[in-house]
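Given next are the chains, with one letter for each unit.
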Amino acid sequence: MNLPTDFVTYTKPLLGEQWKSFVEALDGESPTSIRINHSKMTSGKLSNQVSWCDNGFYLDKRPQFTFDPLFHAGGYYVQEASSMFIARVLKQYASPSMKVLDLCAAPGGKSTLIADFLDEHSLLVSNEVIRSRANILSENITKWGNPNTIVTNNDPSRIGKLKGFFDIVLVDAPCSGEGMFRKDEGAVAEWSLENVRLCKERQQRILADVWPALRSGGVLIYSTCTYNLEENEQNVRWICDELGADILSVDIDEEWEISSSLIEGVTAYRFFPHKMNGEGFFCAVLRKKGDEENGVRKIKDKDNRSKINLETEYKNLILNSDRFTFYPRNDKWFAFPSCLYNYLQTIKSELNILSEGICLGEFKGKDFVPEQSLALSNFLNREAFVTLEVDWKTAISYLRKEALVFTDQPKGYILLTYRNIPLGFVKNIGNRANNLYPQEWRIRSSNVPDQVENII
Ligand code: SAM
């Protein structure tokens, strides 16, 4: 790999005698890893586990994920192994009934990981400032199927207005991307010392802007996918000194070959491709100083039963419906966990929400047209629908939003499943079935293989 001269001059002394093996690793293959959504499926035949993440597995080769229906159904997420370290942090620092913010969340790798750690009384606000990326984030969160999530599209300074609201804030900061050199040639081309400086300044702005939203005593997880000290250890020091925080440690196993901080007095976790099976990554965990209760916005956690009486049959669309509040927004009906409904109102009053809870569907004439968010929800009541298991070819046709024909099936809405995992709805009208798969999610590639090997 042709590394920028300034990068070599800067990084070589940091790595010392490890430099040679580091450069060799950059010329090697990137490992492929996925994280299983255990609310939808099991890890089956996968056995090569990512040490710090129970649900993470390496694959022997990189398959064509686009043509695996389970990928589209939210059965798993393709995620770089090092960044799954957030699971180890949450295992140690997450507790029940938390409010978690993932500030720089698109496309959603870490948000879907966080969602797995939330109990039903916890809330995840998953934010992305760039609108087009926020749409992709919303799609991935919807596919993952957890109802206690809200996707927002705001600048960090706006989120900072939610004073003391969150118990955990993850800032997976936009960075100079040195850790992605092996995967992304663009990251090499864009790299410069000047860009490192700009990234550091931007990271500090983002951190300062969002800081008021973290409660005193709350936990900040700060991560980047870059190696330099400016964007990593030096920023961690800056957070301690300027914002007021103590550094926390994470329990790790020596065998995992995670490297420690490169600056004395700063505890952090570094991932180098020549030492472990993954890309470059940096993570530090900090606790906000101050009185536990100071600045915490008090919101009564009362159980809000359904405000509006949705006909009983529509309530039957989801499991445990008595634990949800049902309400309309822009013609569509939503269900949101009742114990978190007040928090949703607070978020609504301050932020721009793209998606929330479960979007059930909308009334059109006599029909209630079910939404994709319902099909992919982990709380979908399958018994409310006629269900049809389809083969791989039909599943791919459905995901390409092609016209389908199910003449031997009853008329009306049918939930299609593939390997027993819901894919979405069709409306069968007899001589054909209207494909309700979201237009913007469809598989665009026309190079469909004749068949694919099951990954799991
Ligand atoms: N956490 C994501 C995941 O695991 O899938 C990856 C996040 S990526 C490293 C950083 C994100 O920060 C990008 O989605 C980028 O659009 C966003 N970003 C860029 N500028 C930002 C800013 N000024 N404030 C907040 N986020 C920003």
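Every value quoted in this text rests on a predicted model; they were computed, and no experiment measured them. (Residues numbered from 1 in each chain as written. Predicted model: local features only at pLDDT ≥ 70, side-chain atom pairs only at ≥ 80, totals over all residues. Heavy atoms only, no water.)

1. A closer look at the overall build of the protein
Working step 1: Within the protein, the secondary structure is distributed over 14 helices and 21 strands.
Working step 2: Rg of the C-alpha trace for the protein: 23 Å, near the compact-globule value of 23 Å for 456 residues, within the 12% margin.
Working step 3: Each principal axis of the C-alpha atoms in the protein carries an extent, and together these give about 70 × 55 × 35 Å.
Working step 4: Within the protein, the proportion of its 456 residues that are buried is 57%.
Working step 5: In the protein, of all internal contacts separated by at least 6 residues, the share reaching a separation of at least 24 is 73%.
Working step 6: Only carbon and sulfur atoms are counted for the fraction: they give 44% of the accessible area of the protein, which is about 19,800 Å².
Working step 7: Both charge centroids of the protein, one from 53 positive and one from 60 negative side chains, sit 6 Å from each other. (Helix = DSSP H or I, 4+ residues; strand = E, 2+ residues; numbered from the N terminus. Rg over C-alpha atoms; globule rule 2.2 N^0.38 Å. Buried < 20%, exposed > 50% of the residue type's maximum accessible area, 1.4 Å probe, protein only. Contact = heavy atoms within 4.5 Å. Areas by Shrake-Rupley, 256 points an atom, 1.4 Å probe, with all protein chains shown as cover. Lys, Arg positive; Asp, Glu negative; His and termini not counted. Charge placed at Lys NZ, Arg CZ, Asp CG, Glu CD.)

2. Digging into the pairing of strand E17 (residues 367–370)
Working step 1: Here strand E16 (residues 358–364) pairs with E17 via four bridges, running antiparallel. The partner of Phe363 across the bridge, within E17, is Phe368. (Pairing = 2+ DSSP bridges.)

3. Thoughts on unusual backbone geometry
Working step 1: Cis geometry is adopted by the peptide bond preceding Pro107, which originates at Ala106 and carries an omega value of 5 degrees.
Working step 2: Mapping Pro107 onto the fold places it in the loop between strand E4 (99–102) and helix H5 (109–117).
Working step 3: One non-glycine residue with positive phi stands out, namely Ser97, at about 55 degrees.
Working step 4: Note on placement: Ser97 falls in the loop between helix H4 (85–93) and E4.
Working step 5: The class for Ser97 is partly exposed, based on a relative accessible area of 44%.
Working step 6: Phi is positive for Asn330, close to 45 degrees, though the residue is something other than glycine.
Working step 7: Topologically, Asn330 is positioned in the loop between strand E13 (324–329) and strand E14 (332–337).

4. What to know about the sheet that holds E13
Backbone hydrogen bonds are what pair the strands of a sheet, in a parallel or an antiparallel way.
Working step 1: Ordered in space as E13-E14-E16-E17, the four strands form an open sheet in which the pairing is antiparallel. Edge positions in the sheet fall to E13 and E17, since each of these pairs with one other strand and no more. For this sheet, the mean inter-axis angle between neighbouring strands, taken without regard to orientation, is 30 degrees.
Working step 2: Pairing analysis gives six bridges linking E13 to E14, with the strands arranged antiparallel. Bridge pairing in E14 links Arg329 to Lys332.
Working step 3: Set on the sheet, helix H12 (residues 341–350) makes contact with E13 and E14; between it and E13 the angle comes to about 30 degrees. (Axes fitted to C-alpha atoms, helices over the stretch in contact; angles between N-to-C directions.)

5. Examining the sheet that holds strand E2 (residues 56–59)
Working step 1: The sheet built from three strands is open, its strands ordered E2-E1-E3 with antiparallel pairing. The sheet is open, and its two edges are formed by E2 and strand E3 (76–78), each paired on a single side. Strand-to-strand twist across the sheet, computed as the mean angle between neighbouring axes with direction ignored, equals 30 degrees.
Working step 2: Across four bridges, strand E1 (residues 32–36) lies against E2 in antiparallel orientation. By the bridge assignment for E2, Arg35 is matched with Gly56.
Working step 3: Sitting on the sheet, H5 touches E1 and E3, and the angle it makes with E1 is about 35 degrees.

6. Here's the deal with the site of the ligand
Working step 1: In the vicinity of the ligand there are 17 residues, among which Cys104, Gly109, Glu128, Arg133 and Asp172 approach most closely.
Working step 2: Note that a nitrogen atom of the ligand is positioned 3.0 Å from one of the backbone N or O atoms of Cys104.
Working step 3: Interatomic distance of 3.4 Å between a backbone N/O atom of Pro107 and an oxygen atom of the ligand.
Working step 4: Protein contacts shield 83% of the accessible area of the ligand, which totals 600 Å² for the unbound molecule. (Near = heavy atom within 4 Å. Polar contact = N/O pair within 3.5 Å; in protein donor to acceptor, adjacent residues only side chain to side chain.)

7. Focus on the packing of H5 against helix H6 (residues 131–144)
Working step 1: Orientation of H5 relative to H6, taken along the N-to-C sense of each, is 30 degrees, at an axis distance of 10 Å. The angle between the axes of H5 and H6 places the two elements in the roughly parallel class. The way H5 lies across H6 gives a crossing that is right-handed. Counted together, Ser111, Thr112, Ala115 and Asp116 of H5 and Leu137, Asn140, Ile141 and Trp144 of H6 form the full contact between these two elements.
Working step 2: Within the contact of H5 with H6, the residues separate by chemical class into four nonpolar, three polar and one charged. (Parallel < 35°, antiparallel > 145°, perpendicular 65-115°, else oblique. Left-handed = near helix turned anticlockwise from the far one by under 90°. Nonpolar A, V, L, I, M, F, W, Y, C, P; charged D, E, K, R; others polar.)

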